[in-house]
Amino acid sequence: MAPMNSTLNAIPLTLAEPLPVAQRHTTPVEKREADKLAKRLRHQVGRAIADFGMIEDGDKVMVCLSGGKDSYTMLDVLLQLQKKAPVSFSITAVNLDQKQPGFPEHVLPDYLRSIDADFHIIEQDTYSVVSRVIPEGKTMCSLCSRLRRGALYTWAEQHGYTKIALGHHRDDMVNTFFLNLFFHAKLSGMPPKLLSDDGKHVVIRPLAYVRESDIEAYAEAKQFPIIPCNLCGSQENLQRKQVKKMLEQWEKESPGRVETMARALGDIRPSQLADPKLFDFLSLGKHGDGASPDAHAWLSGGETPNDDD
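The paragraphs below set out a description of the structure included in this document. Note that residues are indexed from 1 along each chain, following the sequence as it is written. Reporting of local features is limited, given that this is a predicted model, to residues whose pLDDT is at least 70; pairs of side-chain atoms are given and counted only at 80 or more, and all residues count toward the totals for whole chains, interfaces and linings. Side-chain metrics in this entry use all non-hydrogen atoms of the structure; hydrogen atoms and water are not considered.

## Some details on the nonpolar core
Grouped together as the largest cluster of nonpolar side chains are 35 residues, with contacts concentrated most on Ile 55, Val 63, Tyr 72 and Leu 78. Looking at this core, the elements that each hand over two or more residues are helix 2 (28-52), strand 1 (60-64), helix 3 (69-82), strand 2 (90-97), helix 4 (107-114) and helix 8 (212-222). By definition, any uninterrupted DSSP run of H or I lasting at least four residues is a helix, any uninterrupted run of E lasting at least two residues is a strand, and each is numbered from the N terminus. The dominant element in this core, judged by the number of residues it contributes, is helix 2, at six residues. Apart from the residues lying within four places of it in its own chain, the contact partners of Tyr 72 are Leu 65, Gly 67, Val 107, Leu 108, Tyr 111, Phe 224, Pro 225 and Ile 226. Joining through side-chain atoms within 4.5 Å is the link that ties buried Ala, Val, Leu, Ile, Met, Phe, Trp, Tyr and Cys residues into a set, and such a set is a nonpolar core. The cut-offs for exposure are 20% and 50% of the maximum accessible area for each residue type, with area from a 1.4 Å probe on protein chains only; residues under the lower value are buried, those over the upper are exposed, and the others partly exposed. Note on contacts: a residue pair is in contact if any heavy atoms of the two residues lie within 4.5 Å.

Written as structure tokens, this is what we have:
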């Protein structure tokens, strides 16, 4: 789970209440900037939906709402786009109440009612499971994520949702690519759209083109009632933190580098990599119709069973 910025993280839970519109005072300049940011986010989310065919006519979209800045922004922008979308689709915000001690259960329902959004709260005590299974001091993120995903997928299947929307953004996708490259020796990441392993769910990431810094600014401008994750807090996976720190340093030294890398994820050239499952290297430049040499012969250096040791 990505850490929130210091401004949002500093908001006490007791203050994490959506303010009435009448109490939100902004200057004309701030309003113009907020309007420009909202327009940019709508454009980026709309382009991602179009580029990857994320939402079709008649879709029932389950928006997974955690109470963090990313999922609040995703829900808000999708609700805006829904009003003028070229197709008809429904949106339901779904939150998993993991029964963390001290979790402010009223915040999300109160906020969702205030914007007249369709929603459902799933109650499942995954907190006790994670706390019991994971040794003290070890990161809980992996198990917590699996349990949360299982509960949400099960709910989606039971209620006929055709798309599951997650709030991962552009920076998450680049971060995951390098995490897999450095620590798992594979070129893979978070695709904007995917089919779950069991083939039952289509998962979409409408924020695939959106920068985290824009989400932070948007969440602050909209005064979303951010709920910190007390379960994992600062326990974020050490490897992910290392990659995030590296990318932040790269961006500081060369602004725009993360954007360039994000674009590269959409411009894959299999013939210029080294995966024979993605490109037919065996047939490339081959002469004649003869069979390819036996790989075992090459691996043995051309030796035969009769060769002397």
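## Observations regarding the pattern of salt bridges
Salt bridge criterion: a side-chain nitrogen from Lys or Arg within 4 Å of a carboxyl oxygen from Asp or Glu. By the definition in use, this model includes 18 salt bridges. With a closest N to O distance of 3.7 Å, Lys 36 and Glu 33 form a salt bridge. One end of the pair is Lys 36 and the other is Glu 33, both in helix 2 and three residues apart, which spans about a single turn. The partner of Asp 214 in a salt bridge is Arg 40, and the shortest N-O contact between them spans 3.2 Å. Remark: Arg 40 occurs in helix 2 and Asp 214 occurs in helix 8; sequence separation between them is 174 residues. Looking at Asp 214, the relative accessible area reads 6%, which means it is buried.

## Considerations on the pairing of strand 3 (residues 119-123)
In this description, strands pair whenever DSSP reports at least two bridges between them. The sheet contact formed by strand 2 and strand 3 spans five bridges and is parallel. For Ala 93, the partnering residue across the bridge sits in strand 3 and is Phe 119. Convention used here: a crossover is right-handed provided that the path from the first strand, over the helix, to the second strand proceeds clockwise when the strands point away from the viewer. Tracing the backbone out of strand 2, into helix 4 and back to the parallel element strand 3 gives a crossover that is right-handed.

## Things to note about the sheet that holds strand 6 (residues 202-204)
Pairing in this open sheet of six strands is mixed, and the strands run 3-2-1-4-6-5 from one edge to the other. Edge strands, defined here as strands with exactly one partner in the open sheet, are strand 3 and strand 5 (193-195). Adjacent strand axes in the sheet meet at a mean angle of 25° when their direction is disregarded. Here, axes are lines fitted to C-alpha atoms. For helices the fit covers the stretch in contact, and angles between N-to-C directions go from 0 to 180 degrees. Relative to strand 2, helix 3 is tilted by about 165°, and along the sheet it contacts strand 1, strand 2 and strand 4 (163-165).

## Quick word on the packing of helix 3 against helix 4
Relative orientation and spacing of two packed helices are given, respectively, by the angle between their axes and the distance between those axes. Two numbers describe how helix 3 lies on helix 4: the axes approach to 13 Å, and their chain directions differ by 20°. Taken together, the axes of helix 3 and helix 4 are roughly parallel relative to one another. At the point where helix 3 passes helix 4, the crossing takes the right-handed sense. Of helix 4, the residues touching helix 3 (which contributes Tyr 72, Leu 75 and Asp 76) are Val 107, Leu 108, Tyr 111 and Leu 112. Throughout this entry, Asp, Glu, Lys and Arg are counted as charged residues, while Ala, Val, Leu, Ile, Met, Phe, Trp, Tyr, Cys and Pro are counted as nonpolar. The remaining residues, Gly among them, count as polar. Looking at the contact of helix 3 with helix 4 residue by residue, the class counts come to six nonpolar, no polar and one charged. Throughout this description, any angle smaller than 35 degrees is read as roughly parallel, any larger than 145 degrees as roughly antiparallel, any in the 65 to 115 degree range as roughly perpendicular, and the remainder as oblique. Here a crossing is called left-handed whenever its near helix is offset anticlockwise from the far helix by less than a right angle, and right-handed whenever the offset is clockwise.

## What to know about the pairing of strand 1
On a regular strand, each side chain points to the face opposite its neighbour's, so the side chains alternate between the two faces of the sheet. The buried fraction of strand 1 amounts to four of the five residues, a majority that puts the element mostly inside the structure. Judged from the five bridges that link them, strand 1 and strand 2 form a sheet pairing that is parallel. Within the sheet, the bridge partner assigned to Lys 60 lies in strand 2 and is Ser 90. A crossover links strand 1 with its parallel partner strand 2, the connecting element being helix 3, and its sense is right-handed. One ladder, built from three bridges, connects strand 1 with strand 4; its direction is parallel. What sits directly across from Met 62, in strand 4, is Ile 164.

## Some remarks on helix 7 (residues 170-184)
A helix is expected to reach a length of 1.5 Å times the quantity of its residues less one. For helix 7, spanning 15 residues, the distance from its first C-alpha to its last is 20 Å, which sits close to the expected 21 Å at 1.5 Å a residue. Structurally, helix 7 contributes buried residues whose contacts are with helix 3, helix 8, helix 9 (238-253) and helix 10 (257-264).

## A closer look at the packing of aromatic side chains
The pairing test for Phe, Tyr and Trp rings, Trp by its six-membered ring, is centres within 6.5 Å, and the orientation test on the planes gives stacked under 30 degrees, edge-to-face over 60, and tilted for anything in between. Evaluated as defined, the whole model comprises nine aromatic pairs. Between Phe 52 and Tyr 209, the aromatic rings sit 6.1 Å apart at their centres with planes inclined by 50°, giving tilted as the arrangement. In this pair, Phe 52 sits in helix 2 while Tyr 209 sits in the loop between strand 6 and helix 8, placing the two residues 157 residues apart along the sequence. A residue is classified by how much of its surface remains accessible, and Phe 52, at 32% relative accessible area, is partly exposed. With relative accessibility at 22%, the residue Tyr 209 sits in the partly exposed group. Centroid distance Tyr 72 to Phe 224: 5.2 Å. Interplanar angle 10°. Geometry classified as stacked. Remark: Phe 224 occurs in the loop between helix 8 and helix 9 and Tyr 72 occurs in helix 3; sequence separation between them is 152 residues. One aromatic cluster is present, built from ring pairs that chain together Tyr 72, Tyr 111, Tyr 218 and Phe 224. Remark: a charge is flagged as sitting over a ring if the NZ atom of Lys or the CZ atom of Arg is within 6 Å of the ring centre and within 35 degrees of the ring normal. Here the basic side chain of Arg 47 rests over the ring of Tyr 209, its NZ or CZ set 4.2 Å away from the ring centre.

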